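Structural characterization, general
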Amino acid sequence: MGSKSSTQRTRKSSRTPDLLKVPTGIQGLDELTDGGLPKGRSTLLCGGAGSGKTLLAMEFLVQGAEQFGEPGVFVSFEERTEELAQNFVSLGHDLNSLVAQKKLAFDFILIERSELGESGDYSIEGLFIRLEQAIDDIGASRVVLDSIEQLFGGLGNAGILRAELRRLFLWLKAKGVTAIVTAEQGDGSLTRRGMEEYVADCVILLDHRLTAQMFTRHVRIVKYRGSDHDTNEFPFLIDKSGISILPITSMGLSYTAGKERISSGIPRLDAMLGGRGFYRGSSLLVSGTAGTGKTSLAAHFALASAARGERCLWLSSDESPDQVMRNMRSIGLELAPAVKSEILLFHAVPPTVFGLEMHLLTVHKLVRDFKPRNVIMDSISNFVTIGSEVEIRSMLMRLIHLFKIRQITSLFTSLTTGEAFVETADTRLSSLMDTWLLLREIESGSERNRVLHLLKSRGMAHSNQIREFLLTDHGVELRDVYLGPSGFLLTGSSLMVQHAHEQAQAIEREQEAGAKKRELEHKRRAMEAQIAALQAEFEIEQLKALRVIEQEEARATVRTDDRVQMAKQRQADAAKARKPSRRKAGGSR
Amino acid sequence: MKTRPSRGPVEESKAALEEQWTLRLYVAGHTPRSAMALDNLKRICEERMKGHYSIEVVDLLKNPRLAKDDQILAIPTVVRKLPVPVRRIIGDLSNTERVLVGLDLRRKT
């Protein structure tokens, strides 16, 4: 794998200013060659059978004709024009219409060995004439000869051919066309017939090989005279839209870091992230053991993206889109509408189908075509089966780089194995990530409960608290955890037990207070009753006393009267005088 | 194709004489090699099938399109249009033996 070795660049300071380049228009190749193929020169394109030589060469012409207004001539020594056109229709190019518009010309050079004899000296002037005719007919500035080595098989005299080929390349140069000449790769040499001797300005090698039972295509710029170029091997992809080479544009750290913040889709998590969520364009890692809710977290993120009207690309490597949607429905997260409105795109990438590099390329293409603002990769762990840790790391690095350049927020999930040191497994990956969430299960009171840690989040003040992570019928919910009296976290039912316990205590306390209050009231009432009783007693006494006093006074008066009466009676000899005198006495009082 | 032992010119020309031969020689301008090829061709035809052949010389510098139509790559090229099947010989035709083999003039009687 090319990316393993450090990026070496052969820089030639003596880059001649007159070295003009012709853009190929092929995704990635122009970056690799620092601008394209040498203008007015021939480039040798070598590789084994089926390595994509013809396709790349054809793409060079088609792009030239369609994008750069440069007509091209394709001279085939192998495939008939009709066959070629058919092959390219499946790649989305209508060669026949380009031919009709005089943007493309074909010539098929057939050498039928059975009907050919040789006698004496000859030249391949016929090829020159045909080429010139074709070039002049459409004013071509690009030429492909595919593959010229077939001449060696068709014509017997190698000595003549070598001399003639040398002449051909000089002629092409004089003609001022930019040419690609393809050649079959030989054993231990670039080409079987030593073509590199003739075409020495630029040599590109295509290669395809099996690594871990996976077929991967690579491209390498072997030589580029007088130009800066990348010497590493790069993977490339051939699919229905043609050829694309993984661009390696400025693998520096020169992207801008925005200040914009976006929601994680879970309000409580946003609160933990300094109250405002993730940074746009940052990379997030959600790691956790099996069944801790990584995908659910991702689903929230996807829905938040959809809610903002931003496109989200979901790369699923272990579940099919349907399965993900079904599972998320069970916790009340409905992804289907977003998929329907094409704001959320699921792409299932079974990791074992391609090699790592192919995945990287596929993602590249998807990002280019779908233009998402958020990407979810669930999960990266499955790639372990097809690559070493170093390779995965390198792949992720390039992916994250791609996302960052485009200000795409990316969320990766990673399945950690082993209970004890969940954090160490992802430590190496974490340096690539801006925010790292860890989902963990805590076993206590004979049950497992999920908790969420925010291990790091670059560039923001974030919570260091553990939260309990609940999967409810309306999605993920974060809840405070209770730190028990012994300093252990209480989650799940033990948390509920704790809550119940607290509640009982509260009730008890409340009841106690009520009782006290009532007792006091009671006492107060008793006291008041006592007071009332005393008062009543007092009143009775008072009444009694007054009556006594009154009686006494009355008695005193009576005694005085009696004495007066007695006195009167003693002197009253005359009975008749008693009555008026009594009246007199009474009246005198 | 193995070279069979020579049987003598008279025997072979009999076979050739049975049909009318149409030959076309492609050249590119008047080069010594083209001239040599035409001379050699004429000589062989005169020797083998006098009166039963026609040679058309096509100068591709004048008619470049014909190169594509007749699948010409090497110069000079002789194409035996008739009798079918089509046969081609490239080169200055200096090796007579190869010309005879190539044009199938050594057919059995």
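Residues numbered from 1 in each chain as written. Chains lettered and ligands numbered in written order. Predicted model: local features only at pLDDT ≥ 70, side-chain atom pairs only at ≥ 80, totals over all residues.

Quick look at the overall build of chain A
What counts is decided by this rule: Only runs of H or I of at least four residues qualify as helices and only runs of E of at least two qualify as strands under DSSP, and these elements are numbered from the N terminus. To sort residues by burial, count the other C-beta atoms lying within 10 Å of each one's C-beta; a count of 20 or more means buried, 12 or fewer means exposed, and anything in between means partly exposed. C-beta atoms are built from the backbone. Placing C-beta atoms from the backbone, we regard two residues as in contact once those atoms come within 7 Å.
When its secondary structure is counted, chain A shows 17 helices and 27 strands. Considering chain A as a whole, with its 589 residues, one finds that 39% of them fall into the buried category. Intrachain contacts of chain A at a sequence separation of at least 6 include 70% that bridge at least 24 residues.

Here's the deal with the confidence of the model for chain B
Residue and element names in this part refer to chain B. To keep things clear, this is the line we draw: The quantity called pLDDT is the predictor's confidence in a given residue, expressed from 0 to 100.
For chain B, mean pLDDT is 79; residues scoring 70 or higher make up 80% of the total. The weakest mean pLDDT in chain B belongs to helix α1 (residues 9-17) at 49; the strongest belongs to strand β1 (residues 21-27) at 91. Reported confidences for the modelled complex are a pTM of 0.61 and an ipTM of 0.81.

A look at the sheet that holds strand β3 (residues 77-82) of chain B
Formally: Note on pairing: two strands pair once DSSP finds at least 2 bridges between them. Axis geometry follows a simple rule: fit a line to the C-alpha atoms, using only the stretch in contact for helices, then measure angles between N-to-C directions, giving values from 0 to 180 degrees.
Pairing within the open sheet is mixed, and its 5 strands lie in the order β7(A)-β4(B)-β3(B)-β1(B)-β2(B). The open sheet has two free edges, formed respectively by β7 (116-118) of chain A together with β2 (53-59) of chain B, since each of these has just one partner strand. With strand direction ignored, the average angle separating the axes of adjacent strands in the sheet is 20°.

Quick look at the interface of chain B and chain A
We count it as follows: Amino acids outside the nonpolar list (Ala, Val, Leu, Ile, Met, Phe, Trp, Tyr, Cys, Pro) and the charged list (Asp, Glu, Lys, Arg) are all regarded as polar, and Gly is one of them.
Each side of the interface is counted separately: chain B has 30 residues, and chain A has 21 residues. Taken together, the elements giving at least two residues each to the side of chain B that touches chain A come down to α3 (65-69), β4 (87-90) and α4 (96-102) of chain B. Of the residues in the side of chain B that touches chain A, the class split is 17 nonpolar, 6 polar and 7 charged. In terms of strand pairing, β7 of chain A meets β4 of chain B through 3 bridges, oriented parallel. Counterpart to G117 of chain A in the pairing with β4 of chain B is I89 of chain B.

Comments concerning the sheet that holds strand β23 (residues 447-457) of chain A
Residue and element names in this part refer to chain A. The 9 strands are arranged β19-β18-β20-β21-β17-β22-β23-β24-β25 in an open sheet whose pairing can be described as mixed. The sheet terminates laterally at β19 (344-348) and β25 (475-480), the two strands that pair on one side only. The sheet shows a mean angle of 25° between the axes of neighbouring strands, direction not considered. Taken together, the 6 bridges between strand β17 (residues 283-288) and strand β21 (residues 409-415) define a ladder with parallel strand orientation. Counted as the bridge partner of V286 is T413 from β21. Strands in contact with helix α9 (residues 294-307) are β17, β18 (312-316), β19, β20 (374-378), β21, β22 (435-444), β24 (467-472) and β25; relative to β20, the strand with the most contacts, it is inclined by about 165°.

Some thoughts on the environment of R326 of chain A
Structurally, R326 of chain A can be placed in helix α10 (residues 321-329). Sequence spacing of R326 of chain A and A336 of chain A is 10 residues, and the spatial spacing of their C-alpha atoms is 9.2 Å.

Considering helix α2 (residues 53-67) of chain A
Residues and elements named next belong to chain A. Test applied: The span you would expect from a helix comes to 1.5 Å times its residue count less one.
Along its 15 residues, α2 runs 21 Å from first to last C-alpha, staying within 8% of the 21 Å computed at 1.5 Å per residue. With respect to burial, α2 is a largely interior element, 12 of its 15 residues being buried. Those residues of α2 that fall on the buried side of the exposure criterion are K53, T54, L56, A57, M58, E59, F60, L61, V62, Q63, G64 and A65. Once α2 ends, the next one or two residues include G69, with phi positive near 65°.

Points about the pairing of strand β9 (residues 178-184) of chain A
Residues and elements named next belong to chain A. Most of β9 sits inside the fold, with 6 of its 7 residues counted as buried. Sheet topology places strand β4 (residues 42-47) next to β9; 6 bridges connect them, and they run parallel. When the bridges of β9 are listed, L45 appears paired with T182. Here 4 bridges tie strand β8 (residues 142-146) to β9, and the two strands are oriented parallel to one another. If you follow R142 over to β9, its bridge partner there is T178.

Remarks on the pairing of β18 of chain A
Residues and elements named next belong to chain A. With respect to burial, β18 is a largely interior element, 5 of its 5 residues being buried. Of the two faces of β18, the one holding C312, W314 and S316 and the one holding L313 and L315 are both buried throughout. Across 5 bridges, β18 lies against β19 in parallel orientation. Residue pairing across strands places L315 opposite H347, the latter belonging to β19. Where β18 lies against β20, 5 bridges are found, and the strand directions are parallel. Residue pairing across strands places C312 opposite N374, the latter belonging to β20.

Focus on the nonpolar core
Residue and element names in this part refer to chain A. Spelled out, the test is: Among buried residues, those of type Ala, Val, Leu, Ile, Met, Phe, Trp, Tyr and Cys that are joined through C-beta atoms within 7 Å form a set called a nonpolar core. Note that the domain bounds were set by an automatic or database domain assignment.
If you look at the biggest cluster of nonpolar residues, it comprises 151 residues, and the most contacted ones within it are L45, V73, V143, V144, V181, A302 and I376. In terms of residue count, α9 provides more of this core than any other element does, 8 residues in total. The residues that make up this core include at least three from each of domain 1 (2-6 + 23-110 + 123-245) and domain 2 (261-480). The residues contacting L45, other than those within four sequence positions of it, are K53, L56, A57, I180, V181, T182, I204 and L206.

Digging into the confidence of the model for chain A
Fine structural detail should not be taken from predicted coordinates in areas where pLDDT scores are low. Residue and element names in this part refer to chain A. Chain-level statistics for chain A give a pLDDT mean of 80 and a share of 84% at 70 or above. Low pLDDT, under 50, characterises residues 1-16; the stretch is placed with 26 contacts to residues that sit more than four places away or in other chains. Scored below 50 in pLDDT, residues 584-589 shows 2 contacts in the model against residues more than four places distant or in partner chains.

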